[in-house]
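# Commentary on secondary and tertiary structure
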Amino acid sequence: MTILIDIIAGARPNFMKIAPIVHALAQRRRAGSRLQWRLVHTGQHYDRRMSGDFFTQLGIPEPDVNLGAGSGTQARQTAAIMTAYEDLLMAKPSRMCLVVGDVTSTMACAITAQKLQVPVAHVEGGLRSRDWSMPEEINRLATDAISNWFFTTSSTAGDNLRAEGVEDSRIFFTGNTMIDTLLANMDRLQPPAFASDLPAGDYLVLTLHRPANVDDAGDFARMLRAVGEGADGKRVIFPVHPRTRKSCELIDDFPSNIHMVEPQPYLEFIWLVKHSLGVITDSGGITEEATVLGIPCMTLRDNTERPETVEIGTNELLGTDPAALRPALERLLAGQWKKGAIPEKWDGKTGARIAAILEDMLD
Ligand code: UD1
């Protein structure tokens, strides 16, 4: 008799996090394990460039189910995911629902499963930015409040959970599956087609997609101007997330050294970061990747749920005032950025650790 685990993925950052778990479970299955997964794509991200390309490049099998939720307001998207996942679980229940990260799909599936008494495991549990204006923080709090088990990326995440009353026996400090994917693909990175035109190692990478940074066209334009000027003539490669594109279209005086490109597939994006002078971002995951690659990273946010990227890694929090960019970029361009080290257990073996624990737990 097989033991069925649902693995949930919905949005771009989820795909890098599930890949090593799927690969580790597949290896165990070949060795006779009874654990079998059902890959559930919620459909939160649906563009090829936001979803399909990642499955192909990372060798993730086709999803077994696509819930087809699509875009919408926070509540509409949550409702669409919940009703579709509930139908699936009622038709064919699983023994566990495994969710990763902090996107709307994570929270929606965790709650739906737990209400049907399907236990929930949260990979990357325990992260806290303490900033309730971020939808991801609400997702993290809601998911963790009703998860049975936590696979954590840092000791701080475990401390956060213990402070909220979670018993030690439910917390497993296993490391970072996103970094498993990074290390597994280092030899496969490939330059995007436009890179032949790039000054080798002499450009910056920019990503911005948080509503707080991009939804107000005026603030967004001021931030872009500060990046363009601070880069001091260097080229800035800007892969543009679909929500950001809408704001870009409203800007008249777009800085000429900022080059907008399509959202990049995984192997191309990491290639761009690895060969850059530094990254300017409002993403959380990229701060982790930059840390492991040893690439300077500036985060345009007031807080982070990933403090180790600042305390140990190459990341610095600049806040959202564009004035902070110039002095930071001056330090970077003068070669004065901190070097950083790699956080504990970000070693490429997290997927295997998680699969071993799941088997112990369920079989
Ligand atoms: C989501 C995550 C965020 C993550 C980001 C990475 C939540 C709350 N946020 O934000 O944590 O960092 O993904 O990409 O889950 N769109 C498309 N095509 C797509 C997907 C989205 O055009 O394939 C457009 C739609 O207009 C949509 C908008 O982008 O309304 C935002 O998408 P959504 O999934 O709501 O949130 P993200 O901003 O992508």
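Just so you know, these numbers come straight off a predicted model, no measurement behind them.

Once that is clear, we can look at the domain arrangement of the chain. Each domain of the chain was delimited in the assignment, giving domain 1 (3–176 + 346–362) and domain 2 (187–333). On a C-alpha basis, the centroid separation for the pair domain 1 and domain 2 is 27 Å. Tallying the contact residues gives 24 residues for domain 1 and 23 residues for domain 2. Both sides of the domain 1 and domain 2 interface together cover about 1,900 Å² of buried area, and 55% of this is carbon and sulfur. It is Arg-49, Gln-57 and Trp-346 in domain 1 that bury the most area against domain 2; as a group they hold 35% of the surface buried on that side. Joining domain 1 to domain 2, the criterion identifies four salt bridges. A salt bridge links Arg-140 to Glu-305, with the shortest nitrogen-to-oxygen separation between them at 3.6 Å. For the side of domain 1 that touches domain 2, the element with the most residues is helix α2 (residues 52–58), which contributes four residues.

Grouped together as the largest cluster of nonpolar side chains are 57 residues, with contacts concentrated most on Ile-7, Ile-21, Leu-25, Ile-60, Leu-98, Tyr-266 and Leu-358. Ignoring anything within four residues of it in the chain, the contact list for Leu-98 reads Ile-5, Asp-6, Ile-7, Ile-8, Ile-21, Ala-121, Val-123 and Leu-358. Ranked by size, the runner-up nonpolar core spans 26 residues in total, among them Phe-238, Cys-248, Leu-325 and Leu-329.

So, on to helix α12 (residues 285–293). Burial runs high along α12: nine of the nine residues are buried. Every buried residue belonging to α12 is among Gly-285, Ile-286, Thr-287, Glu-288, Glu-289, Ala-290, Thr-291, Val-292 and Leu-293, and all of these are buried. Gly-294 lies just past α12 and shows a positive phi near 70°.

What follows is about the pattern of salt bridges. The full count for this structure, using the stated rule, is 27 salt bridges. Glu-305 serves as the salt-bridge partner of Arg-306, at 2.5 Å between the closest nitrogen and oxygen. Looking at Arg-306, the relative accessible area reads 2%, which means it is buried. We classify Glu-305 as buried; its relative accessible area is 2%. In this structure, Asp-347 engages Arg-353 in a salt bridge whose closest nitrogen and oxygen atoms are separated by 2.4 Å. Judged by relative accessible area, Asp-347 falls into the partly exposed class, the value being 31%. For Arg-353, a relative accessible area of 24% translates into the label partly exposed. Residues joined by salt bridges that share partners form a network here, namely Lys-17, Asp-102, Glu-124, Glu-137, Arg-140, Glu-288, Arg-301, Glu-305 and Arg-306.

Conventions we followed
Residues numbered from 1 in each chain as written. Predicted model: local features only at pLDDT ≥ 70, side-chain atom pairs only at ≥ 80, totals over all residues. Heavy atoms only, no water. Domains from an automatic or database assignment. Contact = heavy atoms within 4.5 Å. Buried area = accessible area lost by both parts, 1.4 Å probe. Salt bridge = Lys/Arg side-chain N within 4 Å of Asp/Glu carboxyl O. Helix = DSSP H or I, 4+ residues; strand = E, 2+ residues; numbered from the N terminus. Core = buried A, V, L, I, M, F, W, Y, C linked by side-chain atoms within 4.5 Å. Buried < 20%, exposed > 50% of the residue type's maximum accessible area, 1.4 Å probe, protein only.

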